[in-house]
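Chain residues, written in single-letter form:
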Amino acid sequence: MTGVPEMSTGAAVVCMGAAVWLLGEREEAARRARLLLADGGAVAHGPPGWRRLTGRLRRVRGRLGAEWWSAVAGLVLAVPGASVLPVVLGAAGVPLMRRARLAGGARRDREQRADAVIALCGTLAGEVRAGRQPGEALLRAARDCGGLADAQVTVLAAARFGGDVPDALATAARQPGAEGLLGLAACWRVAVDQGAGLAAGLDRLAAALRAERDQRSDLRAQLAGARATAVMLAGLPALGLAIGTALGADPLHVLLHTGAGLGCLATGGVLEGLGLWWVGRIVRSAEGVA
């Protein structure tokens, strides 16, 4: 039972950090509610020292991404393990988790742009049917549809001052998720050059983009099980360490202070990393083919 005090110390550190974090969230929610009920007036809440502490915690949390929890976990494990190796491994995990977080943010931005393109096509079709000229209709539709802030400047300038709207749309379509603007540019060019119905083409384009989005959503839902299984399997070693520590076997000491333990730790880490990479590769390949 030599590892029980160290485990208790590590658990206490984790619980203290989680409590401070949750209290900061609760204080922020209460502050917003009081400001809303007071019609935006200044409302005193809590001791000044506590307000300063929660404010600093919120600022630190805003500057630090979720990837820094890897370093925090390394520090917590270093206490019961009496080794600097968890700190090194936690610091090494920071760039990997940052890369995953940035990839997730890029995916959300891409999906938001795709939804904005679909909304733009539908709104533009409605404006054209209402009897407005294509340039005026595009100005109104682009203002009403968010998610394309980077592309709005070029497209609106071309529509307002008689520029090349299809070329501006094609340029804006280079952004990830905005590829549907290429179809809008083609519909615009055909409608202007050949006098075809712009609204009908936009309806077909919006339907095609919507079907493609639904297909991606269905595929992502089908692949969610594989992702969840990979995450669960990746967490099993940590669960085994926790069970061994609770039983008094002191697995951290074996892993961090013996040659056989270090060998098992290195081999297991490499195999787990390869497994996660392989599952991610399979999922990305399936999404790419679809």
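Just so it is clear, the structure is predicted and the values come from calculations on it, not from any experiment.

Colleague: With reference to specific residues and values, describe the overall build of the chain.
Modeller: Along its length, the chain carries 11 helices and zero strands. Secondary structure of the chain in N-to-C order comes out as α-α-α-α-α-α-α-α-α-α-α. Residue burial in the chain is summarised as follows: out of 290 residues, 28% are buried. Of the contacts made within the chain by residues no fewer than 6 positions apart, 55% connect residues no fewer than 24 positions apart. Total accessible area on the chain stands at roughly 17,700 Å², and carbon and sulfur atoms take up 64% of it.

Colleague: Before we move on, can you summarise the packing of helix 4 (residues 85-129) against helix 9 (residues 198-246) with the specific residues and values?
Modeller: Where helix 4 contacts helix 9, the two axes come as close as 9 Å, and the packing angle between them is 155 degrees. Taken together, the axes of helix 4 and helix 9 are roughly antiparallel relative to one another. In this structure, the crossing between helix 4 and helix 9 has a hand that is left-handed. Of the residues in helix 9, those in contact with Glu111, Ala114, Asp115, Val117, Ile118, Cys121, Leu124, Ala125, Val128 and Arg129 of helix 4 are Leu198, Ala199, Ala200, Leu202, Asp203, Leu205, Ala206, Leu209, Arg210, Arg213, Arg216 and Arg220. Looking at the contact of helix 4 with helix 9 residue by residue, the class counts come to 14 nonpolar, no polar and eight charged.

Colleague: Provide a residue-level description of the pattern of salt bridges, including the pertinent values.
Modeller: Using the criterion set out here, one finds 10 salt bridges in the structure. Note that Glu212 and Arg216 form a salt bridge whose closest N and O atoms lie 3.4 Å from each other. Taken together, the residues Glu212 and Arg216, both in helix 9 and four residues apart, mark about one turn of the helix. Judged by its relative accessible area of 42%, Glu212 is partly exposed. On the basis of relative accessibility, which here comes to 35%, the residue Arg216 falls in the partly exposed class. One network of salt bridges, with partners in common, ties together Glu127, Arg132, Glu136 and Arg140.

Colleague: Which residues make up the packing of aromatic side chains, and what values do they have?
Modeller: Counted according to the given criterion, the structure contains one aromatic pair. Ring plane angle 50 degrees and centroid distance 6.0 Å describe the contact between Trp277 and Trp278, whose orientation is recorded as tilted.

Colleague: Residue-level account of the nonpolar core, with values.
Modeller: Side chains that are nonpolar tend, in soluble globular proteins, to be buried together. Within the largest apolar cluster, 33 residues are counted, with the highest numbers of intra-cluster contacts made by Leu124, Leu138, Leu181 and Leu184. Among the elements of the structure, helix 4, helix 5 (134-144), helix 6 (149-160), helix 7 (165-172), helix 8 (181-194) and helix 9 are those that each provide at least two residues to this core. Excluding its chain neighbours within four sequence positions, the residues that come into contact with Leu138 are Leu120, Leu124, Val155, Leu156, Ala159, Val165 and Trp188.

Calculation criteria
Residues numbered from 1 in each chain as written. Predicted model: local features only at pLDDT ≥ 70, side-chain atom pairs only at ≥ 80, totals over all residues. Heavy atoms only, no water. Helix = DSSP H or I, 4+ residues; strand = E, 2+ residues; numbered from the N terminus. Buried < 20%, exposed > 50% of the residue type's maximum accessible area, 1.4 Å probe, protein only. Contact = heavy atoms within 4.5 Å. Areas by Shrake-Rupley, 256 points an atom, 1.4 Å probe, with all protein chains shown as cover. Axes fitted to C-alpha atoms, helices over the stretch in contact; angles between N-to-C directions. Parallel < 35°, antiparallel > 145°, perpendicular 65-115°, else oblique. Left-handed = near helix turned anticlockwise from the far one by under 90°. Nonpolar A, V, L, I, M, F, W, Y, C, P; charged D, E, K, R; others polar. Salt bridge = Lys/Arg side-chain N within 4 Å of Asp/Glu carboxyl O. Phe/Tyr/Trp six-rings, centres within 6.5 Å; stacked < 30°, edge-to-face > 60°. Core = buried A, V, L, I, M, F, W, Y, C linked by side-chain atoms within 4.5 Å.

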